[in-house]
Amino acid sequence: MAFWRLLARVTIGLLFVGHGTQKLFGWFGGEGPKATGKTMEKLGLRPGREHAIAAGLAEAGGGAMLAAGAATPFAAAGLTAAMLTATKRVHLRNGLWVTNRGYEYNLVLISALLALVESGPGNLSVDAARGRVRSGAGWAAFAFGAGSLGAYAVELLAERGTPAPIAWLEQHVHAAHKAAA
């Protein structure tokens, strides 16, 4: 059994769950979607509340998937997208070191995520139980590439002033519900 890999996967995954639920629900000393949304607005991510919810869902959902070892490359892709966006919007201008609010920690997390994808989630995982372990250098490259594309999409949405996917989904679900009534 790969105990240390399991420990890394569960620790990193659950910490991401906590980080995401700070945004979504204000748990663990977080501010919740309204206040986090104001911060997102200051970062140029509008509408802020929707970006806060999208980031919270990526972090909490991806973290839960990572901790469980479920669809590990896809979990890592979502988390990588969140970390790359945070790096670009918050940390890059501060330099490398976290002591200056830099992106050092984001790089560590992305590297750990990709290493977990390359090595696979281990025997004690949903992926292994389902016989669907996707691991290796190719899957790690996929996770990084998909995460990079996700972060790039957030940047494009921000530049165009287009709502985050959550806002788009809410608008279309509301319109469909209204049309059906």
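None of these values were measured; they are calculated from a predicted model.

Regarding the overall build of the chain
Per the secondary structure count, the chain includes eight helices and zero strands. Moving toward the C terminus, one meets the helices and strands of the chain in the order α-α-α-α-α-α-α-α. Burial analysis of the chain (181 residues in total) assigns 38% to the buried set. Of all intrachain contacts in the chain linking residues separated by at least 6 positions in sequence, the fraction that spans at least 24 positions is 60%. Entry remark: accessible area of the chain is about 9900 Å², with carbon and sulfur atoms responsible for 66%.

Brief notes about the environment of Gly-122
You can see Gly-122 is positioned in the loop between α5 (104–119) and α6 (126–130). Judged by relative accessible area, Gly-122 falls into the buried class, the value being 15%. Among all residues touching Gly-122, those that are not within four sequence positions of it are Arg-5, Arg-9 and Ala-128.

Regarding the packing of aromatic side chains
Scanning the model with the defined rule gives six aromatic pairs in all. Taken together, Phe-25, Trp-27 and Phe-28 form an aromatic cluster joined through their ring pairs.

A few points about helix α2 (residues 32–42)
Three or more residues of α2 are buried, namely Gly-32, Thr-36, Gly-37 and Met-40. Projection of α2 onto a plane perpendicular to its axis shows the buried side chains occupying an angular sector of 135°, all on one side. Residues of α2 that are exposed and angled more than 90 degrees away from the buried face: Lys-34, Lys-38 and Lys-42. Contact partners of the buried residues in α2: α1 (3–25) and α3 (48–68). Looking one or two residues past α2, Gly-44 carries a phi angle of roughly 85°, positive in sign.

Re the packing of α1 against α3
Contact geometry of α1 with α3 gives a least axis separation of 7 Å together with a crossing angle of 160°. Classified by the angle their axes make, α1 and α3 are roughly antiparallel. Like other packed secondary-structure pairs, α1 and α3 cross with a definite hand, here left-handed. Contact residues: α1 offers Arg-9, Val-10, Ile-12, Gly-13, Leu-14, Phe-16, Val-17, His-19, Gly-20, Thr-21, Lys-23 and Leu-24, while α3 offers Ala-52, Ile-53, Ala-55, Gly-56, Leu-57, Glu-59, Ala-60, Gly-63, Ala-64, Leu-66, Ala-67 and Ala-68. The residue makeup of the contact of α1 with α3, split by class, is 15 nonpolar, six polar and three charged.

Brief notes about the nonpolar core
Core analysis: the biggest nonpolar cluster contains 15 residues, and Ile-12, Phe-16, Leu-66 and Leu-113 have the highest contact counts within it. Ignoring sequence-local partners within four residues, the contact set of Leu-113 consists of Ile-12, Phe-16, Leu-66, Ala-76, Leu-79 and Thr-80. Listed in part, the five residues of the second largest apolar core include Met-40, Leu-45, Ala-52 and Ala-55.

Topic: the side chain of Arg-9
For Arg-9, the position within the fold is in helix α1. Although buried, Arg-9 forms no salt bridge, and the nearest oppositely charged side chain, Asp-127, lies 7.6 Å from it. Within polar-contact distance, the side chain of Arg-9 engages the backbone oxygen of Pro-121 at 2.3 Å. One polar contact links the side chain of Arg-9 to the main-chain carbonyl oxygen of Leu-124, over a distance of 2.9 Å. For Arg-9, the contacting residues outside a window of four places in its chain are Leu-66, Ala-67, Ala-68, Gly-69, Leu-116, Pro-121, Gly-122, Leu-124 and Ser-125.

Quick word on the pattern of salt bridges
Under the defined criterion, the tally for this structure stands at five salt bridges. Across the pair Lys-23 and Glu-59 runs a salt bridge whose closest N-O atoms are separated by 2.9 Å. Highlighted residues: Lys-23 in helix α1 and Glu-59 in helix α3, separated in sequence by 36 residues. We note a salt bridge from Lys-88 to Glu-155, for which the minimum N-O separation is 3.6 Å. Separated by 67 residues along the polypeptide, Lys-88 in helix α4 (residues 72–91) and Glu-155 in helix α7 (residues 137–160) bring together distant segments of the chain. By relative accessible area, which is 11% here, Glu-155 ends up buried. Salt bridges here are not isolated pairs; linked through shared partners, they connect Lys-88, Arg-89 and Glu-155.

Parameters and conventions
- Numbering of residues starts from 1 in every chain and runs along the sequence as written.
- pLDDT decides what is reported in this predicted model: residues at 70 or higher carry local features, side-chain atom pairs at 80 or more are listed and counted, and totals for whole chains, interfaces and linings draw on all residues regardless.
- Note that water and hydrogens are dropped before the side-chain values are worked out from all heavy atoms of the structure.
- Helix and strand definitions follow DSSP, with helices as H or I runs of at least four residues and strands as E runs of at least two, each counted in order from the N terminus.
- Partly exposed residues are those whose accessible area sits between 20% and 50% of the maximum for their type, while under 20% is buried and over 50% is exposed, using a 1.4 Å probe and protein chains only.
- Residue contacts are defined here by distance: any two heavy atoms, one from each residue, within 4.5 Å place the two residues in contact.
- Using a 1.4 Å probe, accessible areas were evaluated by the Shrake-Rupley method; residue-level cover was limited to the displayed protein chains.
- Aromatic pairing here means that ring centres of Phe, Tyr or Trp (its six-membered ring) are within 6.5 Å. Orientation follows from the plane angle: under 30 degrees is stacked, over 60 is edge-to-face, and everything else is tilted.
- Of all possible arcs, the one meant is that of the directions from the helix axis to the C-beta atoms.
- Angles shown run from 0 to 180 degrees and are taken between the N-to-C directions of axes, each axis being a line fitted to C-alpha atoms and, for helices, limited to the stretch in contact.
- Note on terminology: angles under 35 degrees are roughly parallel, angles over 145 are roughly antiparallel, angles of 65 to 115 are roughly perpendicular, and the others are oblique.
- For any pair of crossing helices, the crossing counts as left-handed if the nearer helix is rotated counterclockwise from the farther one by less than a right angle, and right-handed if it is rotated clockwise.
- Residue polarity follows a fixed list, in which Ala, Val, Leu, Ile, Met, Phe, Trp, Tyr, Cys and Pro are nonpolar, Asp, Glu, Lys and Arg are charged, and the others, Gly among them, are polar.
- Take the buried residues of types Ala, Val, Leu, Ile, Met, Phe, Trp, Tyr and Cys, join any two whose side-chain atoms come within 4.5 Å, and each joined set is a nonpolar core.
- When charges are counted, Lys and Arg contribute as positive and Asp and Glu as negative, whereas His and the chain ends are disregarded.
- Salt bridge, as applied in this entry: a Lys or Arg side-chain nitrogen positioned within 4 Å of an Asp or Glu carboxyl oxygen.
- In protein, a polar contact requires one atom able to donate a hydrogen and another able to accept it; more generally it is a pair of N or O atoms within 3.5 Å, and residues adjacent in sequence count only if both atoms are side-chain atoms.

Distances and angles like these do not, on their own, reveal function.
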